[in-house]
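Chain and residue survey
So you can see what is in the structure, the chains are spelled out below.
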Amino acid sequence: MKPVCNPRLEQAAWRLFVAGLCIHLCLSAHALITLGYPYEAPLLGPFPFKIHPGTYLMAAALTCVLASRGHALRSAFEAAGREPLIATHLGVMVLCLCWVLYRHGSSGAAFMIDTHWLPAIAAFTLMHFDDRRRAWLLRLLVAILSVNAVLALAESAVQARLIPLHMPGQDSGFALEEHFRASALFGHPLANAKLTAALLPAALLLPMRATWRWAAVALALLALLAFGGRAALASAIVIYGVGLIATLMVRLARGRYSYLQLTGGTVFSLIAVAALVGVVIATGIGERIFANLYVDSSASVRLKVWSAYDYLTSEQLWLGISSRDIDLVALRLGLDPKYEAIENGWIYLSMQFGLVVFGLWLIGFGCLLVWLAKTGAPWAVAGVLVYVAVASTSNSFASKTVTQGLMVTYAVASGAQRRLDRLRRIQGGAAAGRRNSMSASFHVPGSERLTGIAARTSAPWAWDARAKAP
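These remarks concern the structure in this document. Not measured: the values here are computed from a predicted model.

**Section: the nonpolar core**
Core analysis: the biggest nonpolar cluster contains 110 residues, and L137, I342, M351, F353, W361 and Y410 have the highest contact counts within it. When residues in this core are grouped by element, the largest group, 10 residues, is from helix α6 (residues 111-126).

**A closer look at a nonpolar patch on the surface**
Nonpolar side chains collect at one region of the surface, where L244, I245, L248, M249 and L252 lie side by side and expose about 440 Å² of accessible area between them. Within the secondary structure layout, L244 lies in helix α10 (residues 230-253).

**Observations regarding unusual backbone geometry**
Of note, the phi angle at Q159 is positive, near 55°, even though the residue is not glycine. The residue Q159 is located in the loop between α7 (131-158) and α8 (189-198) in this model.

**Looking at the packing of aromatic side chains**
Enumeration according to the criterion identifies 13 aromatic pairs in this entry. Ring geometry for W346 and W361: centres 5.7 Å apart, planes at 75°, overall edge-to-face. With W346 in helix α16 (residues 345-353) and W361 in helix α17 (residues 355-375), the pair connects residues that are 15 residues apart, well separated along the chain. Classification of W346 as partly exposed rests on a relative accessible area of 22%. We classify W361 as buried; its relative accessible area is 0%. Feature note: the residues W346, F358, W361, F365 and F397 constitute an aromatic cluster, connected by ring pairs. When the ring centre of Y39 is taken as origin, the NZ or CZ atom of K400, which lies over that ring, is 4.5 Å away.

**A few points about the side chain of D114**
Residue position: D114 is located in helix α6. Within the buried core, D114 has no salt-bridge partner, and the shortest N-O distance to an opposite charge, that of K400, equals 6.1 Å. In this structure the side chain of D114 is engaged in a polar contact, spanning 3.0 Å, whose partner is the backbone nitrogen of H52. At a separation of 2.5 Å, a polar atom in the side chain of D114 contacts the side chain of T55. Not counting the four nearest positions on each side in its chain, D114 is found in contact with Y39, K50, I51, H52, T55, T401 and V402.

**Focus: the environment of R230**
With respect to the helices and strands, the residue R230 is situated in helix α10. Since its relative accessible area comes to 17%, R230 is described here as buried. It is 8.7 Å that separates the C-alpha atoms of R230 and A193, two residues lying 37 residues apart in sequence.

**Here we look at the side chain of T196**
For T196, the position within the fold is in helix α8. Separated by 2.7 Å, the side chain of T196 and the backbone oxygen of N192 make a polar contact.

**Quick look at the packing of α16 against α17**
Axis separation between α16 and α17 bottoms out at 7 Å; the angle between their running directions is 130°. On the basis of the axis angle, α16 is oblique to α17. Crossing angle aside, the handedness with which α16 passes α17 is right-handed. Facing α16, whose interface residues are W346, L349, S350 and F353, α17 presents L355, V357, F358, W361, L362 and F365. Split by residue class, the contact of α16 with α17 holds 9 nonpolar, 1 polar and no charged.

**A short note on the pattern of salt bridges**
Within this structure, the stated rule accounts for 5 salt bridges. For R69, the salt bridge is made with E10, and the minimal N-O distance between the two is 3.5 Å. With R69 in the loop between α3 (53-67) and α4 (72-82) and E10 in helix α1 (residues 7-26), this pair connects stretches of sequence that are 59 residues apart. Looking at R69, the relative accessible area reads 6%, which means it is buried. With a relative accessible area of 10%, E10 lands in the buried category.

What counts and what doesn't
Residues numbered from 1 in each chain as written. Predicted model: local features only at pLDDT ≥ 70, side-chain atom pairs only at ≥ 80, totals over all residues. Heavy atoms only, no water. Core = buried A, V, L, I, M, F, W, Y, C linked by side-chain atoms within 4.5 Å. Buried < 20%, exposed > 50% of the residue type's maximum accessible area, 1.4 Å probe, protein only. Helix = DSSP H or I, 4+ residues; strand = E, 2+ residues; numbered from the N terminus. Patch = residues over 30% accessible without salt bridge, like charges linked within 9 Å, V, L, I, M, F, W, Y side chains within 5 Å. Areas by Shrake-Rupley, 256 points an atom, 1.4 Å probe, with all protein chains shown as cover. Salt bridge = Lys/Arg side-chain N within 4 Å of Asp/Glu carboxyl O. Phe/Tyr/Trp six-rings, centres within 6.5 Å; stacked < 30°, edge-to-face > 60°. Lys NZ or Arg CZ within 6 Å of the ring centre and 35° of its normal. Lys, Arg positive; Asp, Glu negative; His and termini not counted. Polar contact = N/O pair within 3.5 Å; in protein donor to acceptor, adjacent residues only side chain to side chain. Contact = heavy atoms within 4.5 Å. Axes fitted to C-alpha atoms, helices over the stretch in contact; angles between N-to-C directions. Parallel < 35°, antiparallel > 145°, perpendicular 65-115°, else oblique. Left-handed = near helix turned anticlockwise from the far one by under 90°. Nonpolar A, V, L, I, M, F, W, Y, C, P; charged D, E, K, R; others polar.

In C-alpha cells, the structure reads:
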C-alpha cells in the first residue's frame with residue numbers, strides 16, 4: 001500500500017535539499033575557513049564543526065522526507081528495502097566509522113561523514129522526489145558549473161583568486177607556485193578540475209539548443225585548463241573520447257547520419273577544435289599542464305607513496321594506524337609536510353582501516369558504483385568513471401570532500417532527465433498519431449504504455465521506474 005505523503009514536509013525536504021546542494025557547491029572548505037567556520041586545519045574546533053553545513057541540511061531533508069511518509073524509522077527501512085545497494089553502502093560506511101573511532105579515536109575521523117555517508121543521504125532523499133524535481137537539479141548543476149567556469153577564467157585573466165586558499169604550513173595558499181591555477185568556487189584547483197571533468201558533458205543532457213549545450217561544454221573545458229589538473233584532463237579526454245567514438249560508430253552502423261551531415265560535422269568539429277586551440281594559445285590558459293608534461297615532483301610523490309607499506313608492522317597492516325601515525329610514515333618516506341602528503345586515497349584508507357576493514361570498505365564502495373551505473377544516463381556514468389580515475393590520483397577518498405554526494409545527485413538527475421525525454425518523445429508520437437487518425441477508434445502503438453510511464457514518472461515513490469521506462 002502506497003504511504004500517504006505529507007506535502008508540507010515533502011516541500012520542506014525539497015527546499016532543504018536544494019539549499020544543502022547550493023551550499024556544498026558554493027562554500028568550499030577554504031570559503032568556510034575564510035568565514036571563520038572551523039571546518040578544516042589550520043583552525044581548530046569541536047567535532048560537529050568538522051562536518052560541512054550543507055551536509056546538515058541534507059540530513060535534515062532526509063529526516064523530513066522520511067517523516068512525510070509516516071513514521072520516519074519505518075520509512076527508512078522501507079527505503080532501504082527498495083535500494084539494497086545503497087543500504088549496503090551506508091551500512092558498511094557506518095561500520096567503518098565505528099571501527100576508526102574504536103581503533104584511533106575521533107581525530108581524523110570526521111571525513112567519513114561528508115565523504116562516505118553523504119552519498120547515501122543524498123540517494124535516499126532523492127528517491128522520494130518525482131522526476132521533474134530530480135531533472136531540475138541537473139539544470140542547477142550545469143548553471144553553477146558554468147558560473148564556476150566563468151569565475152575560473154576571470155581569475156586566470158587577472159592572476160588573482162576570489163577566495164584565498166588556506167594550506168597547512170603556508171601563509172597565502174599557492175603563493176610559491178610557478179604557474180597560477182584558478183580556484184573559483186569549488187576550492188582547491190585540483191578539486192575544481194576533478195568536479196569539472198566529471199560534469200563536463202552534463203549540458204549535453206539538457207533539452208536546449210545544441211549551440212548552447214556545446215558552448216557550455218567548451219566553457220567547462222577551458223575552465224578545466226585554467227585549473228591545471230593534468231590527471232583530470234587526461235582522464236576526460238580518454239574516457240569521453242572513447243564514449244564519443246563508440247557512440248558515433250553505433251550511429252553510423254545504424255545509418256543515422258547522411259553524407260552531408262558527416263562532412264559538415266567533420267568540418268565544424270575541426271573549426272571548433274582549431275578555435276579552442278587558438279584561445280588556449282592566445283590566453284595562456286593551461287600553462288601549468290603544457291609546461292609540465294613529464295613526471296615532476298608532484299607526480300613523483302604519487303609513485304613514492306607505494307613504499308609506505310614497508311614501514312608498517314603486521315598488526316598495523318591488518319588492523320590499521322591512526323592519521324597521526326600515517327603522517328609519521330610520510331615523514332619517514334621523506335615527504336615535505338608543508339607541500340607533500342600521501343596523495344593516494346586507496347593507500348591512505350588501507351593504512352587507516354587496516355586490510356580487513358579496507359576490504360569491507362571496498363565492498364560498500366563497489367555497491368555505490370554499481371548503483372550509480374544503474375541509475376545515471378550513459379554520459380553521467382562516464383562522468384563517474386572520470387571522477388573515480390581522477391580521485392584515485394589524490395587522497396580524495398581519505399579526506400573531506402562532498403563531491404561523492406554531488407556525483408550521486410548528478411547521476412540521479414541525469415537518469416530523471418533521460419526518462420522525461422523518453423516520455424516527451426512518446427507523447428509527441430501519440431499526439432502526431434491522433435492528428436493523423438481518421439477515426440476516433442484509431443490505435444496509437446505504444447499509447448497503452450504512455451499512461452503507465454507518466455504515472456511512474458510523476459509518482460514521488462516510484463523509484464523503480466528507472467528500470468521499467470522504455
